[in-house]
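Structural description and commentary
Read off the chains here:
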Amino acid sequence: MALLSADLDYLRHARKGQFDWGWLRSTGSEWGVHPRPGKVGLTLRDIAVGSYGDVPDDPPRRTMAPRGAEIDPDVPDMGYTINSKAEVWSDNLLDLYEEAVSRQWSATRDIPWTELPELDPDLEHAMCQLCTVLSEVEMVASDFPAKWLWRINHDFVEAKMVLCTQVMDEARHTEVFRKRALANGGGLGKAKAVVERFLKLILDAESYDEGSALMHLLGEGIVLSLFRAGELIAPSPVEKRIFRLCMQDEARHVAYGTMHLRYRLERDPSMAADFHNYLDKGEEIIGMLFTTPEVVEPTTLLAAGSVRAAEEMGLGGADMLRGRVIEEYLQRCDNAGLPRRGRLKLPAELTEGLAVGAEGEVA
Ligand SMILES: [Fe+2]
Ligand SMILES: [Fe+2]
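All of the points below concern the structure found in this document. (Residues numbered from 1 in each chain as written. Chains lettered and ligands numbered in written order. Predicted model: local features only at pLDDT ≥ 70, side-chain atom pairs only at ≥ 80, totals over all residues. Heavy atoms only, no water.)

This part covers the coordination of the iron ion (ligand 1). Angles at a metal have ideal values that depend on geometry: 109.5 degrees with four tetrahedral donors, 90 or 180 degrees with six octahedral donors. Protein coordination at the iron ion (ligand 1): the donors are E138 (OE), E170 (OE), H173 (ND1) and E250 (OE), at 1.9 to 2.3 Å from the metal. Mapped onto the sequence, the residues coordinating the iron ion (ligand 1) show the spacing E-x31-E-x2-H-x76-E. A distance of 3.2 Å spans the gap from the iron ion (ligand 1) to the iron ion (ligand 2), which E170 bridges by coordinating each metal. Residue E138 is found in helix α5 (residues 121–138), and its partner H173 is found in helix α7 (residues 157–183); the two are separated by 35 residues along the sequence. There is no split in this pair, since E138 and H173 are both buried. (Donors = N, O, S within 2.8 Å, 3.2 Å for Na, K, Ca; no water. Helix = DSSP H or I, 4+ residues; strand = E, 2+ residues; numbered from the N terminus. Buried < 20%, exposed > 50% of the residue type's maximum accessible area, 1.4 Å probe, protein only.)

So, about the packing of aromatic side chains. Using the criterion set out here, one finds nine aromatic pairs in the structure. Ring plane angle 25 degrees and centroid distance 5.6 Å describe the contact between F144 and Y208, whose orientation is recorded as stacked. Of this pair, F144 sits in helix α6 (residues 140–149) while Y208 sits in helix α9 (residues 208–233), placing them 64 residues apart in sequence. Summarising the burial analysis for this pair, F144 and Y208 share the class buried. Taking the centre distance of 5.5 Å and the plane angle of 85 degrees together, the rings of F275 and Y278 count as edge-to-face. (Phe/Tyr/Trp six-rings, centres within 6.5 Å; stacked < 30°, edge-to-face > 60°.)

Here the focus is the coordination of the iron ion (ligand 2). Coordination of the iron ion (ligand 2) by the protein is provided by E170 (OE), E220 (OE), E250 (OE) and H253 (ND1), with metal-donor distances spanning 1.9 to 2.1 Å. Because the angles between the four donor atoms bound to the iron ion (ligand 2) fall within 88 to 148 degrees, the donor set is best described as irregular. Counting along the primary sequence, the residues that act as donors to the iron ion (ligand 2) give the motif E-x49-E-x29-E-x2-H. (Tetrahedral: all angles 85-135°; square planar, octahedral: opposite > 155°, others 65-115°.)

Right, let's talk about the pattern of salt bridges for a bit. As enumerated under the stated definition, the model contains 27 salt bridges in all. Across the pair E294 and K192 runs a salt bridge, and its minimum N-O distance is 3.6 Å. Of this pair, E294 sits in helix α12 (residues 293–304) while K192 sits in the loop between α7 and α8 (193–203); the two residues are 102 residues apart in sequence, bridging distant segments of the chain. Overlapping salt bridges bring together E99, R103, D169, R172, D249 and R252 as one network. (Salt bridge = Lys/Arg side-chain N within 4 Å of Asp/Glu carboxyl O.)

Quick look at the nonpolar core now. The nonpolar side chains of a soluble globular protein tend to be buried, and buried together. Counting 86 residues, the largest nonpolar core has V176 and F177 as the members making the most contacts within it. Take this core: its biggest share by element is 12 residues, from α9. Sequence-distant contacts of V176, defined by excluding residues within four places in its chain, comprise W105, A107, I111, W113, I242 and C246. (Core = buried A, V, L, I, M, F, W, Y, C linked by side-chain atoms within 4.5 Å. Contact = heavy atoms within 4.5 Å.)

Judged by side-chain polarity, Y10, F19, W21, W23 and L24 come together as a nonpolar surface patch covering roughly 570 Å² of accessible area. Residue W21 is classed as partly exposed on the basis of its relative accessible area, which comes to 39%. (Patch = residues over 30% accessible without salt bridge, like charges linked within 9 Å, V, L, I, M, F, W, Y side chains within 5 Å. Areas by Shrake-Rupley, 256 points an atom, 1.4 Å probe, with all protein chains shown as cover.)

Let's shift gears to the packing of α6 against α9. Axis separation between α6 and α9 bottoms out at 11 Å; the angle between their running directions is 160 degrees. Here α6 lies roughly antiparallel to α9, going by the angle between them. Note that α6 runs across α9; the crossing there is left-handed. Residues V140, A141, F144, P145 and W148 of α6 pack against Y208, G211, S212, M215, H216 and E220 of α9. (Axes fitted to C-alpha atoms, helices over the stretch in contact; angles between N-to-C directions. Parallel < 35°, antiparallel > 145°, perpendicular 65-115°, else oblique. Left-handed = near helix turned anticlockwise from the far one by under 90°.)

The structure is reproduced here in structure tokens:
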């Protein structure tokens, strides 16, 4: 490749006041478009006007040049591998980005750490074990988008921006659960291989399709249900606040994943078989998680209030929580246009009493 060199002719002319002015006098972009800010300010939706709002299904270039600019014909190829809009897009992206930016919070300042009450040691231990698992799983939802971000065509910049907010959200979730584990005299508990196996499935996914289905839809869906339950069984208002704040972030990630899968399948219904295969693999590991003491027992103990009460209750509480988690997941699959009722890969003993049969069938 020929080495590029500075245009010294231009320099000599410009020194004499003979400027080029090409950029000033002739522009092929949509000059004159004038979006107006709405009530909350100037949003991404406000500026998605004219051709600037048109996101091509198959961008002609692989460049970082901003969509809508007048682009040199010889811009270099950045090597993006995700060049089809349907691979990353969803109809709620612009709003999710705005919401993500406006609802950032601080795990340092926004949690009333000084109000943590001293807990019964068993309950503190349960909270710490739960936080250990959560601190472990949260970071994959930073690592996975980060792994794929640079491969996504810049014409889908809003999708990239949403994934950037997710990377930050999950860093904060990892932070807040790590802080909670350490903040009250407990500390970190046990990290299990089975948990790591699920995370590796996401990280090693061969395509964004596969990883996004496993993470945004299945994994984060379960975590969202868990946060919701966590708010109910939190031993103090401090943990309630942690779960509530995490929940609002997590709901965005799951909303993206669900709507993205819907968008993907609406444009290519033949992909349903692939997505079913991805989720088959993921659900098998989730089944193992549902029978892992370090995952099941902390919430059971927190819900019961003591070891003795938990032993009297047996798995009643855990069954109810798992039932809710599975039902919410199946509902999301329905919403995404990928009904999983009838092919859920969980052992029958874990789904007793749930409507997991054919679509519409109630058990
Ligand atoms: Fe998270
Ligand atoms: Fe998340």
